[in-house]
Amino acid sequence: MVLRRSLAVLLALSLALVGLGVGGWWWLQRQSPLQLRRQTLQMPVAARFLPRDAALSVYLQVPPDALAAYARAVAPARSRANAAAGVDRLRDGIARAAGLDWSLDLAGWVGDELAVALRPAATGGGPPGWLLVLGSRRSGGGRDFLQRFWQERSLAGADLSITNHRGLGVISSDGQSLASALPNDELVLLASSRGLLEEALDASQIESLHQASDPDLLAWLASGPRGIALVRAQARERGRLLAAVQP
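Undergrad: Outline the overall build of the chain, supporting the account with residue identities and numerical values.
TA: Each helix and strand counted, the chain has seven helices and nine strands in total. For the chain, with 247 residues in total, the buried portion stands at 37%. Across the chain, contacts joining residues at least 24 apart in sequence account for 64% of those joining residues at least 6 apart. Looking at the chain as shown, the accessible area adds up to about 13,900 Å², and 57% of this sits on carbon and sulfur atoms.

As structure tokens, then:
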């Protein structure tokens, strides 16, 4: 009798340990950066604010801070450190284009939604423009960021202009060629000029102008592409390129 009880206890402990092992393995698999490349790409919220005639649009659909871990996981062993550092440099470079420091200005609040669009140079030799859309991982994160962003520039002596466009307040600084708008507390629009930002707000109200209603993009997403980012390129000579970033 005692032996049978001991065997029963041993069996129960063995089953419990097996269960814990399986559960731990499953948890580790779920947390692995490699899971990111299996996700199905969705229509980005930011697509409504990106005009269809943008020369290049890139939508990131993972937390930016997870990119280095992902690059390290998919790179060959000898290249993992360089891959992670390269992704961090790219992320930091996008922030610097807007006059921002990723670690100080964005890392604490930017969530899964990040998009950048490039516009060709204007007729007459004007510089090319860019539009950045940032989604917040917490309520009010975008509003808090913009308050700090413009307060620091005002204290530094920048001349700020506040106008209304499409029912939204647009803040711009001519001296620094920057403009911003806040469609809601979780979404921030930054652009290289007020004109470009107003074009994005116009596009958001007209289906034929924004990317969220682009039939080619809708059809492509319906095919279920997987990856961590969506790239859309517009070229008159070659048509439109749609691609999922997935090693």
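Here the narrative resumes.
Undergrad: Please set out the pairing of strand 2 (residues 110–119) residue by residue, giving values where relevant.
TA: A large share of strand 2 lies buried, amounting to eight of its ten residues. Inspection of the sheet shows strand 1 (residues 56–60) paired to strand 2 by five bridges, in the antiparallel sense. When the sheet's bridge partners are listed, Tyr 59 is paired in strand 2 with Ala 115. By the bridge criterion, seven bridges tie strand 2 to strand 3 (residues 129–136) in an arrangement that is antiparallel. Across the sheet, Leu 114 pairs through a bridge with Leu 134, a residue of strand 3.

Undergrad: Which residues make up unusual backbone geometry, and what values do they have?
TA: Positive phi, close to 55°, is recorded for Arg 166, a residue that is not glycine. Within the secondary structure, Arg 166 is located in the loop between strand 4 (161–165) and strand 5 (168–173).

Undergrad: Would you mind going over the environment of Ser 223 in detail, with residue names and values included?
TA: If you trace the backbone, Ser 223 turns up in the loop between helix 7 (215–222) and strand 8 (229–235). Separated by 182 residues in sequence, Ser 223 and Leu 41 have C-alpha atoms that sit 9.8 Å apart. Here the side chain of Ser 223 touches Trp 220 through a polar contact of 2.5 Å, landing on its backbone oxygen.

Undergrad: Go over helix 6 (residues 194–204), please, and point to the residues and values.
TA: A turn of α-helix holds 3.6 residues, and therefore any two residues three or four places apart point the same way. Those residues of helix 6 that sit buried are Leu 196, Leu 197, Ala 200, Leu 201, Ala 203 and Ser 204. Across the axial projection of helix 6, the buried residues extend over an arc of 160°, all falling on one side. Residues of helix 6 that are buried in the fold lie against strand 2, strand 3, strand 4, strand 5, strand 6 (178–184) and strand 7 (187–191).

Undergrad: Kindly report on helix 7, identifying the contributing residues and their values.
TA: Along helix 7, the residues that are buried comprise Leu 217, Trp 220 and Leu 221. With its buried residues spanning 95° around the axis, helix 7 presents them on a single face. Facing away from the buried side of helix 7 by more than 90 degrees, the exposed set consists of Ala 219 and Ala 222. Residue Gly 224 follows helix 7 closely and has a positive phi angle near 80°.

Undergrad: Quick rundown of the packing of aromatic side chains? Include the residues and the values.
TA: For the structure on display, the rule yields three aromatic pairs. Ring geometry for Phe 149 versus Trp 150: centroids 4.8 Å apart, planes at 85°, classification edge-to-face. Overall, Trp 150 belongs to the buried group, its relative accessible area being 4%. Following the ring pairs from residue to residue traces out a cluster consisting of Trp 109, Phe 145, Phe 149 and Trp 150. Across the ring face of Phe 149, the terminal group of Arg 153 is positioned such that the distance to the ring centre comes to 3.7 Å.

Undergrad: Just give me the short version of the environment of Leu 218, but keep the residues and values in it.
TA: Residue placement: Leu 218 occurs in helix 7. Put simply, Leu 218 and Gln 42 are 176 residues apart on the chain and 9.6 Å apart in space, counted from C-alpha to C-alpha. Those residues in contact with Leu 218 that sit more than four places away from it in its chain are Met 43, Ala 212 and Ser 213.

Undergrad: Tell me about the side chain of Ser 172, residues and numbers included.
TA: Looking at the secondary structure, you find Ser 172 in strand 5. Excluding residues that lie within four positions of it along the chain, Ser 172 makes contacts with Trp 150, Asp 159, Leu 160, Ser 161, Leu 178, Ala 179 and Arg 194.

Undergrad: Go over the pairing of strand 3, please, and point to the residues and values.
TA: For strand 3, the buried fraction is high: eight of the eight residues fall into the buried class. The two faces of strand 3 match: Gly 129, Leu 131, Val 133 and Gly 135 on one face and Trp 130, Leu 132, Leu 134 and Ser 136 on the other face are all buried.

Undergrad: Describe the pattern of salt bridges, and please don't skip the residues or the numbers.
TA: Across all of its chains, the model carries five salt bridges by this definition. We note a salt bridge from Arg 119 to Asp 53, for which the minimum N-O separation is 3.1 Å. Placement of the pair is Arg 119 in strand 2 and Asp 53 in the loop between helix 1 (2–31) and strand 1, with a sequence separation of 66 residues. With its nearest N and O atoms 2.9 Å apart, the salt bridge here joins Arg 166 to Asp 202. Here Asp 202 lies in helix 6 and Arg 166 lies in the loop between strand 4 and strand 5, a separation of 36 residues in the sequence. Counted as one network, the salt bridges with shared partners bring together Asp 53, Arg 119 and Glu 199.

Conventions we followed
- Residues numbered from 1 in each chain as written.
- Predicted model: local features only at pLDDT ≥ 70, side-chain atom pairs only at ≥ 80, totals over all residues.
- Heavy atoms only, no water.
- Helix = DSSP H or I, 4+ residues; strand = E, 2+ residues; numbered from the N terminus.
- Buried < 20%, exposed > 50% of the residue type's maximum accessible area, 1.4 Å probe, protein only.
- Contact = heavy atoms within 4.5 Å.
- Areas by Shrake-Rupley, 256 points an atom, 1.4 Å probe, with all protein chains shown as cover.
- Pairing = 2+ DSSP bridges.
- Polar contact = N/O pair within 3.5 Å; in protein donor to acceptor, adjacent residues only side chain to side chain.
- Arc of directions from axis to C-beta.
- Phe/Tyr/Trp six-rings, centres within 6.5 Å; stacked < 30°, edge-to-face > 60°.
- Lys NZ or Arg CZ within 6 Å of the ring centre and 35° of its normal.
- Salt bridge = Lys/Arg side-chain N within 4 Å of Asp/Glu carboxyl O.

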